[in-house]
Amino acid sequence: MTGGAHEHDDESLAELGYKPELKRTLGNFHTFAAGISYISILTGTFQLFYFGVSQGGPAYWWSWPMVFFGQLMVALCFCELAARYPVAGSIYNWAKQLGGPHVGWLGGWMMLTASMVSLSAVALAYQVTLPQISSWFQFIGDGTGQTDAAANAVLLGTVLVAFTTLVNAFGVKLMARINSAGVAIELIAAIVLIILLAAHVTRGPGALTETFGLGAGQDLGYLGAFLTASLASAYVMYGFDTASSLGEESKDPGRNAPRAILRALVASFAIGGLILLFALLAVPDLHAKELSVDGLQYVVLSTLGSTVGQIVLWCVVVAITVCELAVHTASIRLAYAMARDNNLPAAARLAKVSPRFQTPVLPAVIIGLVAVAILLINVNQPQIFSVITSIAIIMIYLAYLLVTLPMLVQRLRGRWRPVEGRFSLGRFGLPVNVLAVLWGAGMSLNLAWPRAAVYNATGPQHWYLRWGAFLFIGVVALGGFAYYWFVQRKRTGVLATHAAGSTDSTTPNP
């Protein structure tokens with residue numbers, strides 16, 4: 001990377017009003033790894049396969065290409081934005097540039113809150129995998145008690161959050177090395193798993209039409225069951241914007257970030273889709289109760305045997321770890337970006353970059369503490385998995401919508417122009433953007449719908465649990481924006497020490 005290229009990247013940053021403070025050390029694979037580790041094929045498929053099968057039967061597989069197509073429309077819009085604004089806290093800054101400071105703040109606030117909830121949700125995946133490897137990892141109870149699994153999930157998740165907090169506090173280079181190594185292991189393991197499952201196929205693709213009669217008695221028939229089961233696919237394919245959120249630490253991000261976004265999403269679709277396909281075709285008994293309880297872990301152990309199965313499950317643990325690391329990293333960059341604009345309490349401290357580690361340390365610690373607090377609040381809730389996961393997904397979909405909708409408005413007004421010589425949708429920009437908005441709005445509503453299967457799966461039934469997504473997200477959105485409107489908006493603006501032209505000593509050398 002030449003000094004001239006560094007200067008070009010820094011000039012693009014200066015156009016947004018910021019000076020460069022985060023050292024550019026990440027190459028092409030690092031940015032790709034950040035995106036694909038956030039999506040995390042193995043984490044998502046192993047965590048929620050059981051939910052998809054139990055709610056939609058094997059035919060739930062078709063939600064995978066459906067979600068991919070919708071998210072591809074969103075990702076294509078993001079690619080144009082990443083080429084033009086390769087900046088930390090991408091969702092926040094994109095929403096701000098497209099919709100103004102109010103929309104930007106709301107988008108950033110929703111994404112930041114969702115990221116912290118998502119950090120907790122991903123941490124819970126340890127519970128789905130580690131006790132399957134050995135009962136030794138079930139520290140609380142024996143796993144048969146009503147709240148044993150939830151309480152143990154909180155314990156394991158807290159250990160994972162502590163680890164990612166320490167790694168992120170010690171700088172982006174350490175994070176990138178661990179993340180890249182983890183992603184390499186995950187990709188190799190995923191490909192090997194596909195080959196092994198394909199070698200054990202026992203039935204034809206006709207199994208993908210099996211619904212187990214789950215649409216009976218529902219107002220929408222099987223469509224209702226399918227839409228519920230689609231949560232299992234929707235959970236996996238998001239977070240591809242992370243490649244751009246590390247734009248201030250990447251080399252030539254205007255060109256590399258769009259490529260990384262698309263590569264991460266397409267690779268996740270292809271590899272994850274094949275894992276799910278061959279798992280359904282290879283499992284010894286498609287009607288086994290364990291399939292909708294233990295999910296892919298059961299498929300792997302029953303199909304490949306305990307030795308090979310446990311090796312695969314250890315690779316899943318690695319995937320969960322780097323996924324958590326990527327989610328934490330993206331959350332830190334978002335908090336830093338908002339604080340740099342004086343849009344968070346104690347902004348000057350949150351936006352301070354450590355001279356030694358060249359990373360914002362305080363956001364890493366605070367975000368980690370909040371994630372642990374979310375876990376602790378739910379320590380005795382047996383529904384912790386589906387509820388936390390659902391709320392995290394919905395809020396991220398809404399944050400994406402706060403980017404794609406203002407972008408559509410700008411297109412319709414003729415004000416959006418992609419950067420010449422960089423990624424551009426050309427004449428397909430408008431239809432792709434329309435589809436991205438429709439998808440984001442429709443899927444957000446689908447995921448938030450007050451289904452007992454998601455928000456009140458075990459008795460007793462309570463209306464506030466069924467409507468939990470609307471209530472929680474409503475409080476976060478309205479409460480947060482009220483705080484911004486009456487307090488923070490009067491202070492918003494780039495802090496002097498972070499503004500372009502500032503000579504503060506935290507500015508890194510090229």
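Student: What am I meant to see in the packing of aromatic side chains here?
Tutor: Each pair of aromatic rings is reported with the distance of its centres and the angle of its planes. Scanning the model with the defined rule gives 21 aromatic pairs in all. For the pair Trp 105 and Tyr 484, a centre-to-centre distance of 5.0 Å together with 20° between the ring planes defines the contact as stacked. With Trp 105 in helix 6 (residues 101-123) and Tyr 484 in helix 22 (residues 468-486), this residue pair connects regions lying 379 residues apart in the sequence. The burial state of Trp 105 is the same as that of Tyr 484; both residues are buried. Taken together, a centroid distance of 5.6 Å and an interplanar angle of 40° make the contact between Phe 240 and Tyr 400 tilted. Of this pair, Phe 240 sits in the loop between helix 11 (231-234) and helix 12 (242-245) while Tyr 400 sits in helix 18 (residues 384-412), placing them 160 residues apart in sequence. Relative accessible area serves as the criterion here: at 0%, Phe 240 is assigned to the buried category. Its relative accessible area of 2% is what places Tyr 400 among the buried residues. One aromatic cluster is present, formed by Trp 105, Trp 109, Phe 481, Tyr 484 and Trp 485 through successive ring pairs. The ring of Tyr 18 has Arg 340 sitting right over it, with the charged end atom 3.8 Å from the ring centre.

Student: I tried to follow the side chain of Asp 241 on my own but got confused; where do I start?
Tutor: As for its position among the elements, Asp 241 is in the loop between helix 11 and helix 12. Notably, Asp 241 is buried but unbridged: the nearest opposite-charge side chain belongs to Arg 333, and the N-O separation is 12 Å. Of note is the side chain of Asp 241, whose polar atom sits 2.4 Å from the side chain of Tyr 400. Beyond its immediate sequence surroundings of up to four residues, Asp 241 is in contact with Phe 78, Ser 90, Ile 91, Trp 94, Met 111 and Tyr 400.

Student: Is there a simple way to think about unusual backbone geometry in this case?
Tutor: Most peptide bonds take the trans form, and the phi angle of most residues other than glycine is negative. The backbone of Asp 252 shows a phi angle near 50°, a positive value even though the residue is not glycine. Topologically, Asp 252 is positioned in the loop between helix 12 and helix 13 (253-282). Here the phi dihedral of Ala 346 falls at roughly 55°; this positive angle occurs in a residue that is not glycine. Counting through the fold element by element, Ala 346 comes out in the loop between helix 15 (306-340) and helix 16 (347-350).

Student: What should I look at first to understand the pattern of salt bridges in this one?
Tutor: Proximity of charged atoms lets side chains of opposite charge pair with each other. Inspection of the entire model under this criterion finds three salt bridges. Salt-bridge contacts for Arg 411 lead to Glu 80; the nearest nitrogen and oxygen are separated by 2.6 Å. Highlighted residues: Arg 411 in helix 18 and Glu 80 in helix 4 (residues 63-84), separated in sequence by 331 residues. When its relative accessible area of 16% is taken as the criterion, Arg 411 is described as buried. Taking relative accessible area as the criterion, Glu 80 reaches 1% and is therefore assigned buried. One salt bridge in this structure joins Asp 341 and Lys 96, with 2.6 Å as the shortest N-O distance. On the criterion of sequence distance, the pair formed by Asp 341 in the loop between helix 15 and helix 16 and Lys 96 in helix 5 (residues 90-99) is long-range, its members being 245 residues apart.

What counts and how
Residues numbered from 1 in each chain as written. Predicted model: local features only at pLDDT ≥ 70, side-chain atom pairs only at ≥ 80, totals over all residues. Heavy atoms only, no water. Phe/Tyr/Trp six-rings, centres within 6.5 Å; stacked < 30°, edge-to-face > 60°. Helix = DSSP H or I, 4+ residues; strand = E, 2+ residues; numbered from the N terminus. Buried < 20%, exposed > 50% of the residue type's maximum accessible area, 1.4 Å probe, protein only. Lys NZ or Arg CZ within 6 Å of the ring centre and 35° of its normal. Lys, Arg positive; Asp, Glu negative; His and termini not counted. Salt bridge = Lys/Arg side-chain N within 4 Å of Asp/Glu carboxyl O. Polar contact = N/O pair within 3.5 Å; in protein donor to acceptor, adjacent residues only side chain to side chain. Contact = heavy atoms within 4.5 Å.

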